[in-house]
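# Working through the structure, step by step
Each chain, letter by letter, is given below.
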Amino acid sequence: MLIQNLVLYENEYFIHVNRENDPLFYFFDYDVRTADINMRFQHFHTFYELCIPLCPRATHFLEGKPYELQTFDILGIPPTVLHMTQYPEGEACKRLIVRFNLPRGVAGLGNEYEQLLGIFHREVPIFRFSPEIRSSVFRKLNDIFLLAQKTDPMRNLIIHLKFIEFLTLLFLHQDQNEYTDEAQMTPTEKKIYAVASYIHTHYAEPLSLELLAQKFFIGSCYLSHQFKSITGFTLTDYIQMTRVRNLQSMLINTGIPITEAALSCGFTSFSQFNRVFQKHIGMAPSQYRKQNRMISE
């Protein structure tokens, strides 16, 4: 069916090309989400991701900072960036998620691919276009929706080419982006999310309730109470989870020794680090690295 005469959509429809660790990978996921299955904490991927809400409103967090999304906004998420979406109470929200990898080092096209992927690394990688541009952009996704249902031997190649056309349109029209952050928050919420965002950009440094309270000119007791009330986490747990998530990425994507990785993520003692990692992940860091390296290879 067409949503607002623009985007083809079918619940629980998906398109899969290769595996997520392959140099070329696509997964188009047409589905619904509700408030009761909102993620509790931010997560990351080793691939690129597009989130396109097909409902009036959703809130997406990038590195602790909330952004309000509307129908047909296009959010780009680079690999290893912590993020999560929160959907409002009420009717289920339709959405399209596109996960993908593009091959690197393609002779003669490496620079162009890097430029296309550069749109995901904008300060605010969210796109909202005029109806005319929006129509041309989403037409490429509709082409993929229809092409994927065919048994054409060139199916996967055509999907790839159409998606490159889609990314190229985003790149060419990025200066016509009309997105403005319209998150409606109280002054207290703005302050708390500023603290959360600071944690995400300074997790490798010493952090404490007292230090953050002083930096943001808030009483420590007030900060502790409001942080838990607004984010659902104690400040200590939030700091620990941010460090653990970044450490998970390092364990998967680098060969840095575990102790060195832990220190670079802000853990000051190995025993503390081991205890915190097992508490939040449920296994030892060495086991986590081995298990996820085996999956990705």
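Residues numbered from 1 in each chain as written. Predicted model: local features only at pLDDT ≥ 70, side-chain atom pairs only at ≥ 80, totals over all residues. Heavy atoms only, no water.

### Looking at the packing of helix H2 (residues 131–147) against helix H3 (residues 155–172)
- Closest axis-to-axis distance for the H2/H3 pair is 9 Å, and the angle between their directions is 170 degrees. Our classification of the angle between H2 and H3 gives roughly antiparallel. Touching Ser-136, Val-137, Lys-140, Leu-141, Asp-143, Ile-144 and Leu-147 of H2 are Arg-155, Ile-158, Ile-159, Lys-162, Phe-163, Glu-165, Phe-166, Leu-169 and Leu-170, all from H3.
- Its residues assigned to classes, the contact of H2 with H3 comprises ten nonpolar, one polar and five charged. (Axes fitted to C-alpha atoms, helices over the stretch in contact; angles between N-to-C directions. Helix = DSSP H or I, 4+ residues; strand = E, 2+ residues; numbered from the N terminus. Parallel < 35°, antiparallel > 145°, perpendicular 65-115°, else oblique. Contact = heavy atoms within 4.5 Å. Nonpolar A, V, L, I, M, F, W, Y, C, P; charged D, E, K, R; others polar.)

### Some details on the packing of aromatic side chains
- Scanning the model with the defined rule gives 27 aromatic pairs in all.
- Ring centres of Phe-41 and Phe-233 lie 5.1 Å apart, and the angle between their planes is 80 degrees; this geometry places the pair in the edge-to-face category. One end of the pair, Phe-41, is in the loop between strand E4 (25–33) and strand E5 (48–53); the other, Phe-233, is in the loop between helix H6 (220–231) and helix H7 (235–253), and 192 residues separate them in sequence.
- Judged by relative accessible area, Phe-233 falls into the buried class, the value being 6%.
- Note on Tyr-48 and Phe-120: the rings are 5.2 Å apart at their centroids and 70 degrees apart in plane angle, and the pair reads as edge-to-face. Of this pair, Tyr-48 sits in strand E5 while Phe-120 sits in the loop between helix H1 (110–118) and strand E11 (126–127), and the two are 72 residues apart along the sequence.
- When its relative accessible area of 2% is taken as the criterion, Phe-120 is described as buried.
- Each member of the aromatic cluster is reached from another via a ring pair, and the members are Tyr-26, Phe-28, Tyr-48, Phe-100, Phe-120, Phe-163 and Phe-166. (Phe/Tyr/Trp six-rings, centres within 6.5 Å; stacked < 30°, edge-to-face > 60°. Buried < 20%, exposed > 50% of the residue type's maximum accessible area, 1.4 Å probe, protein only.)

### A word on the sheet that holds strand E9 (residues 83–86)
- Strands sit in the order E7-E6-E9 across an open sheet of three strands; the sheet is antiparallel. Two strands in the sheet have a free side with no partner beyond their single neighbour: strand E7 (65–69) and E9. Taking each pair of neighbouring strands and ignoring which way they run, the sheet shows an average axis angle of 25 degrees.
- Looking at chain direction, strand E6 (residues 58–62) and E7 are connected through five bridges and run antiparallel. Its bridge partner lying in E7, Ala-58 is registered against Leu-69. (Pairing = 2+ DSSP bridges.)

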